[in-house]
Amino acid sequence: MTIISNDISKAIELLNKEDIVAIPTETVYGLAGNIYSEKAILKIFQVKMRPLFNPLIVHIHEIEQLAEIASEFPAEAQKLADALWPGSLTLILKKKPNIPNIITAGKDTVAVRIPNHPVTLSLLKQISFPLAAPSANPFNRISPTSSLHVEAYFKENISMILEGGACKNGIESTIIGFENNEAILYRQGAISKEEIESIIGKIKVKNKNETTPNAPGMLAKHYAPKTKTYLVNDVEKCIAKFENKSIGVLRFKDSMNTSSIEYLAILSESGDLKEAAANLYNTLHKLDSLNLDVIVAERVPDIGLGAAINDRLERATN
Ligand code: TXA
Ligand code: MG
């Protein structure tokens, strides 16, 4: 039986016993364990069915903790951290030797962020170790943005889900690393490229479909519903091809004639990309639960958070 509760002291008790706990963040729920406990970290990989070559993000509550984790802190990283932490930014930094190899998949770098969620910040302040936390979904499946999503995935396999409500941003953190001192965007996420560039100037994007994720786990197929999913510019034209099929449609803001479809989901009627991002995974979970034959998703405008939404929708097509 999984406990679903906002009892932080219970979560601390479990983490201190080298168990793992699902934790809320402002992006998505994470599956968390003590970075120094091999037992806890192996359990995370096992429960998620995640391959060991995919490294984890280390979660801390204050910048000073970086001294224990990273051996270098480039000036641009400092600027981004000052502007955006706590928040949905993950930095890839040169690691300190004490960071276990299983966390970093043997790399000489480590991913780290300060999440912006009051429950998890309070938890992190009360324990003596950072938490490794990948998104709390089985490998390649849709990320969870509520405790119910986590429960549906891992009911029997985890002791506790720390309740923190619906995730405000609803899409994973933006990942920035450094190559020869140049900042590189590895994963589009809850902080738009434009916002990053307003802090450190133009950056290069390297997030294309890697098969061995040298850069972040940007596998081509990821975040995928079980239902066959298509991503298109013109929904009406696409559904015309699926006669006699039960179709779910995911649109950005516009309504449509629903006579030939089973279910219509609209991400943001007002056309707000932040709201659309916050609703994205919940909507995909819903559509995937309806036993449809196909999901037809509409590409959103490719600006600001729209780029991250389109990225996830592309990886959801299967
Ligand atoms: O918003 C988030 O970042 C959420 C919440 C829970 O914090 N976490 C999350 O973790 O999305 P995960 O494991 O699903 O995605 C982490 C990504 C993976 O694609 C992984 O490959 C990449 O970060 N990553 C971790 N360490 C890395 C490293 N040293 N170098 C390159 N990529 C790394
Ligand atoms: Mg993930």
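What you see is a predicted model, and the numbers here were worked out from it, not measured in a lab.

> I'd like to hear about the nonpolar core, residue by residue, with values.
Where a protein is soluble and globular, its nonpolar side chains tend to be buried together. Within the largest apolar cluster, 71 residues are counted, with the highest numbers of intra-cluster contacts made by Leu-89, Leu-91, Ile-103, Ile-158, Ile-176, Ile-196 and Ile-309. It is helix H10 (residues 273–288) that provides the largest number of residues to this core, a total of seven residues. A domain split of this core shows at least three residues from each of domain 1 (3–205) and domain 2 (228–316). Filtering out sequence-adjacent residues up to four positions away, Leu-91 remains in contact with Phe-73, Ala-77, Leu-80, Ala-81, Trp-85, Val-110, Ala-111, Val-112, Ile-176 and Phe-178. Within the second largest apolar cluster, 17 residues are counted, among which are Val-21, Val-119, Leu-124 and Met-160.

> An account of the sheet that holds strand E12 (residues 228–232) is needed here, citing residue identities and associated values.
If you trace the four strands from one edge of the open sheet to the other, you get E12-E15-E13-E14, paired in parallel fashion. Either end of the sheet is taken by a strand with one partner, and the two such strands are E12 and strand E14 (263–266). Here the average twist between neighbouring strands, direction ignored, is 15°. Here E12 pairs with strand E15 (residues 294–298) via five bridges, running parallel. Considered in E15, the bridge of Tyr-230 is made with Val-296. The sheet strands contacting H10 are strand E13 (247–251), E14 and E15, and the helix crosses E13 at an angle near 170°. Each of E12 and E15 touches helix H11 (residues 305–316); the most contacted strand, E12, lies at about 140° to it.

> Give a description of the pattern of salt bridges that names residues and reports values.
One pass over the structure, following the stated rule, counts 15 salt bridges. One salt bridge in this structure joins Arg-315 and Asp-311, with 2.7 Å as the shortest N-O distance. Of this pair, Arg-315 and Asp-311 both sit in helix H11, separated by four residues, roughly a single helical turn. Taking relative accessible area as the criterion, Asp-311 reaches 5% and is therefore assigned buried. Residues joined in a network through salt bridges with shared partners are Glu-172, Asp-311, Arg-312 and Arg-315.

> Pulling in residues and values, what's your account of the sheet that holds strand E10 (residues 182–187)?
Across the sheet, which stays open at both edges, the eleven strands sit in the order E1-E8-E2-E3-E7-E4-E6-E5-E9-E10-E11 with mixed pairing between neighbours. With partners counted over all chains shown, the strands left at the sheet margins are strand E1 (3–5) and strand E11 (204–205), one partner each. Sheet topology note: the strand E3 (residues 30–34)/strand E7 (residues 131–132) ladder contains two bridges and is antiparallel. Residue Gly-33 lies in a different strand from E7, and its bridge partner there is Ala-132. Of the strands in this sheet, E3 and E7 touch helix H2 (residues 38–48), which is tilted by about 155° from E3.

> Please set out the pairing of E13 residue by residue, giving values where relevant.
With five of five residues buried, E13 lies mostly within the body of the structure. Here E13 shows a buried face lined by Ile-247, Val-249 and Arg-251 and a second buried face lined by Gly-248 and Leu-250. Examined bridge by bridge, E13 and E15 share four bridges and lie parallel to one another. Note on E15: the bridge partner recorded for Gly-248 is Ile-295. In this structure, E13 lies alongside E14, joined through four bridges in parallel fashion. Note on E14: the bridge partner recorded for Leu-250 is Ala-265.

> Tell me about the domain arrangement of the protein, and please be specific about residues and values.
One can read the domain layout of the protein as domain 1 (3–205) and domain 2 (228–316). At the junction of the two partners, domain 1 supplies 20 residues and domain 2 supplies 16 residues. Interface of domain 1 and domain 2: buried area, both sides summed, is about 1,400 Å²; carbon and sulfur atoms make up 57% of it. Considering only the side of domain 1, the residues that lose the most area to domain 2 are Ile-142, Ile-171 and Gln-188, jointly responsible for 39% of the buried surface there. Here Glu-172 makes a salt bridge to Arg-312, at a shortest N to O gap of 3.1 Å. For the pair domain 1 and domain 2, the interface holds eight residue pairs in polar contact (both at pLDDT 80 or more).

How each quantity is defined
- Residues numbered from 1 in each chain as written.
- Chains lettered and ligands numbered in written order.
- Predicted model: local features only at pLDDT ≥ 70, side-chain atom pairs only at ≥ 80, totals over all residues.
- Heavy atoms only, no water.
- Core = buried A, V, L, I, M, F, W, Y, C linked by side-chain atoms within 4.5 Å.
- Buried < 20%, exposed > 50% of the residue type's maximum accessible area, 1.4 Å probe, protein only.
- Helix = DSSP H or I, 4+ residues; strand = E, 2+ residues; numbered from the N terminus.
- Domains from an automatic or database assignment.
- Contact = heavy atoms within 4.5 Å.
- Pairing = 2+ DSSP bridges.
- Axes fitted to C-alpha atoms, helices over the stretch in contact; angles between N-to-C directions.
- Salt bridge = Lys/Arg side-chain N within 4 Å of Asp/Glu carboxyl O.
- Buried area = accessible area lost by both parts, 1.4 Å probe.
- Polar contact = N/O pair within 3.5 Å; in protein donor to acceptor, adjacent residues only side chain to side chain.

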